[in-house]
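Tertiary structure, described
Take a look at the letters that make up each chain.
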Amino acid sequence: MSTAAQARLWTKDFTLGTAVNFLLMVNYYGLMVVVADYAMKTYDAPAATAGLAASIFIIGALAARLVSGRIMDKVGRKRLLVAGAIGEVVFSVLYLAGLGLAPLFAIRLLHGFAYGVCSTTIGTIVTALVPDSRKGEGVGYYMLSVTLGAAIGPFLGMFLSQNAGFFPLFVTTAVVAGLSLLAAAQLKVPEAAQESDEDIEEAAEEIARDERDERAGDFRVPRFDLGNYLESSVLPIGAVCALLFFCYSSLLAFLTPFAAESGLAQPASFFFVVYAVATFVTRPFTGKLFDRKGDRVVMVPAFVAFIVGMGLWATVYRPAAMLIAAALLGFGVGTVQASGLALAVRIAPDERLGLANSTFYILLDVGVGLGPLLLGLVQPVLGFRGLFEAMSLVAIVALAAYLFVSRKRGTMRRRLKEADEP
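Residues numbered from 1 in each chain as written. Predicted model: local features only at pLDDT ≥ 70, side-chain atom pairs only at ≥ 80, totals over all residues. Heavy atoms only, no water.

The number of helices and strands found in the chain is 16 helices and zero strands. Counting across all 422 residues of the chain, residues that qualify as buried make up 50%. Put simply, 86% of the contacts in the chain that link residues at least 6 apart link residues at least 24 apart. As presented, the chain carries roughly 19,200 Å² of accessible surface, and 65% of it is formed by carbon and sulfur atoms. (Helix = DSSP H or I, 4+ residues; strand = E, 2+ residues; numbered from the N terminus. Buried < 20%, exposed > 50% of the residue type's maximum accessible area, 1.4 Å probe, protein only. Contact = heavy atoms within 4.5 Å. Areas by Shrake-Rupley, 256 points an atom, 1.4 Å probe, with all protein chains shown as cover.)

See the structure below:
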């Protein structure tokens, strides 16, 4: 029996960790799809202001990802996860208070920060639980929690807000946040993740030295070190995945108006259902292929599927073509995201696993966050179809960049070889 087959994957803690992430995604997407509509209907906010109420969440998440990797190595992953989950509950409950538009912005920002803390920390914990010999498969299964959350969350948000109102939706998302806290509290974090005493002692000694220097009149300006916030080994593969997510953000921002303009609004409502099913069906075997044959065997077809899917999307006039494009895009985006994360956590040193996770997701958030802003400037010039065609071309550039960073004698390949050595 192979080593991969012997290594146990579906432990109690892996299952709990995956459940925590799924509940986080349901809470996140369930609110994201309706908060702009809520701001407009409840507070008479103009469309631009209502849109900011949705997107300011990402600013909070980015800030959290930037600092979470460093913080979790100081205070411990379990403590940080539970603290973030408590924040998720508190801020989810505050939506029920209806405090006003300005407080809504503050709640969204802080909720985004709590979400960023939780998602970064749980990703670090779960990837540490996955055996190295099954990293691609394990991360693939874990990332299915994102796919399912991205399908169930929007469905709950739209269904409840349209049929029951915003208050029942906020109650539901608060309950979901409470369940994520309950699951997080039961997690047993890997022993390596709790070895933070030495780091805490070193930090205490550094503070004591600074205090002694200050009393002695030796004032030192702290030196900013980017390595404290980002893991450099992850930057190449993270940037490649971020470029693809930049292309994908064009769908998130302009799918609805494009479908309405094309007379395909009704079938477009099934887009993310087909997208999620395609990701769900393909993720298990692509993860196993990743472990057995390497990353290129799954990443290259995924990039090609995305390129073809985006090109098809730009030319659709019939529902069948739209749903075929959704399936191709689901396979492409889902596989690149999961395999990219698996590469990131294999490349990075074990002691910087938290930074590797946060760095990878920071780059993805930057890609998704900048996309709508920049693409919104060029859409009036290119039109929707021209924009999607352009994104297909940019995805070709992303594929070329991946082939470059994953070349046989490149740094990434060397680090992967070192990681595989006993």
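Ranked by internal contacts, the top residues of the largest apolar core, which has 93 residues, are Phe303, Phe306, Trp313 and Phe388. For this core, the element with the highest residue contribution is helix H15 (residues 353-405), accounting for 15 residues. Discounting residues that sit within four places of it in the chain, Trp313 has contacts with Leu251, Leu255, Phe258, Phe271, Met322, Ala325, Arg385 and Phe388. Of all hydrophobic cores here, the second largest spans 18 residues; its members include Leu104, Phe105, Leu160 and Phe170. (Core = buried A, V, L, I, M, F, W, Y, C linked by side-chain atoms within 4.5 Å.)

With that settled, consider unusual backbone geometry. Even without a glycine there, the phi angle at Asp44 is positive, about 55 degrees. Following the sequence through the fold, Asp44 ends up in the loop between helix H3 (35-43) and helix H4 (47-75). You can call Asp44 exposed: its relative accessible area is 67%.

As a further point, take a nonpolar patch on the surface. Together, Leu148, Ile152, Phe270, Val273, Val277, Phe280 and Val281 line one region of the surface with nonpolar side chains, adding up to about 600 Å² of accessible area. For the nonpolar patch, the leading source of residues is helix H12 (residues 271-293), giving four residues. Tracing the backbone through its elements, the reader meets Val277 in helix H12. (Patch = residues over 30% accessible without salt bridge, like charges linked within 9 Å, V, L, I, M, F, W, Y side chains within 5 Å. Salt bridge = Lys/Arg side-chain N within 4 Å of Asp/Glu carboxyl O.)

For the chain, the average pLDDT comes to 82, and 86% of its residues sit at 70 or higher. Here helix H1 (residues 3-6) stands out as the element of the chain with the lowest mean pLDDT, 48, in contrast to helix H13 (residues 296-313), whose mean of 96 is the highest. Every residue in residues 1-5 is under pLDDT 50, and counting partners more than four places away or in other chains gives five contacts. Predicted confidence for residues 191-200 stays below pLDDT 50, and this span has 10 contacts to residues more than four positions away or in other chains. (pLDDT = per-residue confidence, 0-100.)

What the rule picks out here adds up to two salt bridges. Two residues, Asp365 and Arg65, come together in a salt bridge whose shortest N-O distance is 2.5 Å. Here Asp365, found in helix H15, pairs with Arg65, found in helix H4; they are 300 residues apart in sequence, far enough to count as distant. Judged by relative accessible area, Asp365 falls into the buried class, the value being 14%. Here Arg413 and Asp295 are joined by a salt bridge, their closest N and O atoms 2.7 Å apart. Of this pair, Arg413 sits in helix H16 (residues 411-420) while Asp295 sits in the loop between H12 and H13, and the two are 118 residues apart along the sequence. By relative accessible area, which is 4% here, Asp295 ends up buried.

The next subject is the packing of H12 against H13. Relative to each other, H12 and H13 sit at 160 degrees, their axes nearing to 9 Å. By the angle between their axes, H12 is roughly antiparallel relative to H13. Every residue of H13 that contacts H12 at Phe271, Thr286, Leu289, Phe290 and Lys293 is listed here: Val297, Val298 and Trp313. When its residues are assigned to classes, the contact of H12 with H13 shows six nonpolar, one polar and one charged. (Axes fitted to C-alpha atoms, helices over the stretch in contact; angles between N-to-C directions. Parallel < 35°, antiparallel > 145°, perpendicular 65-115°, else oblique. Nonpolar A, V, L, I, M, F, W, Y, C, P; charged D, E, K, R; others polar.)

This next bit is on the side chain of Ser339. Mapped onto the fold, Ser339 is located in helix H14 (residues 319-347). Since its relative accessible area comes to 6%, Ser339 is described here as buried. Setting aside residues up to four positions removed in sequence, Ser339 forms contacts with Phe290, Val298 and Met299.

Counted at 1.5 Å a residue, the expected span for helix H7 (residues 135-163) with its 29 residues is 42 Å, and the 42 Å between its end C-alpha atoms agrees. Directly after H7, the chain includes Gly165, whose backbone phi takes a positive value near 110 degrees. (Expected span 1.5 Å × (residues − 1).)

On to the packing of aromatic side chains, then. Across all of its chains, the model carries 19 aromatic pairs by this definition. Relative to Phe388, the ring of Trp313 has its centre 6.2 Å away and its plane inclined at 75 degrees; by these criteria the two rings are edge-to-face. You can see Trp313 sitting in helix H13 and its partner Phe388 sitting in helix H15, a full 75 residues away along the chain. As far as the burial class goes, Trp313 and Phe388 line up, both buried. Aromatic side chains Phe360 and Tyr361 sit 5.7 Å apart centroid to centroid with 85 degrees between the ring planes, which places their arrangement in the edge-to-face category. Through successive ring pairs, a cluster of aromatic residues spans Tyr38, Tyr43, Tyr95, Phe166 and Phe170. Lying over the aromatic face of Tyr317, Arg385 brings its terminal NZ or CZ to 4.0 Å of the ring centre. Sitting over the face of the ring of Phe404, Arg407 holds its NZ or CZ atom 4.1 Å from the ring centroid. (Phe/Tyr/Trp six-rings, centres within 6.5 Å; stacked < 30°, edge-to-face > 60°. Lys NZ or Arg CZ within 6 Å of the ring centre and 35° of its normal.)

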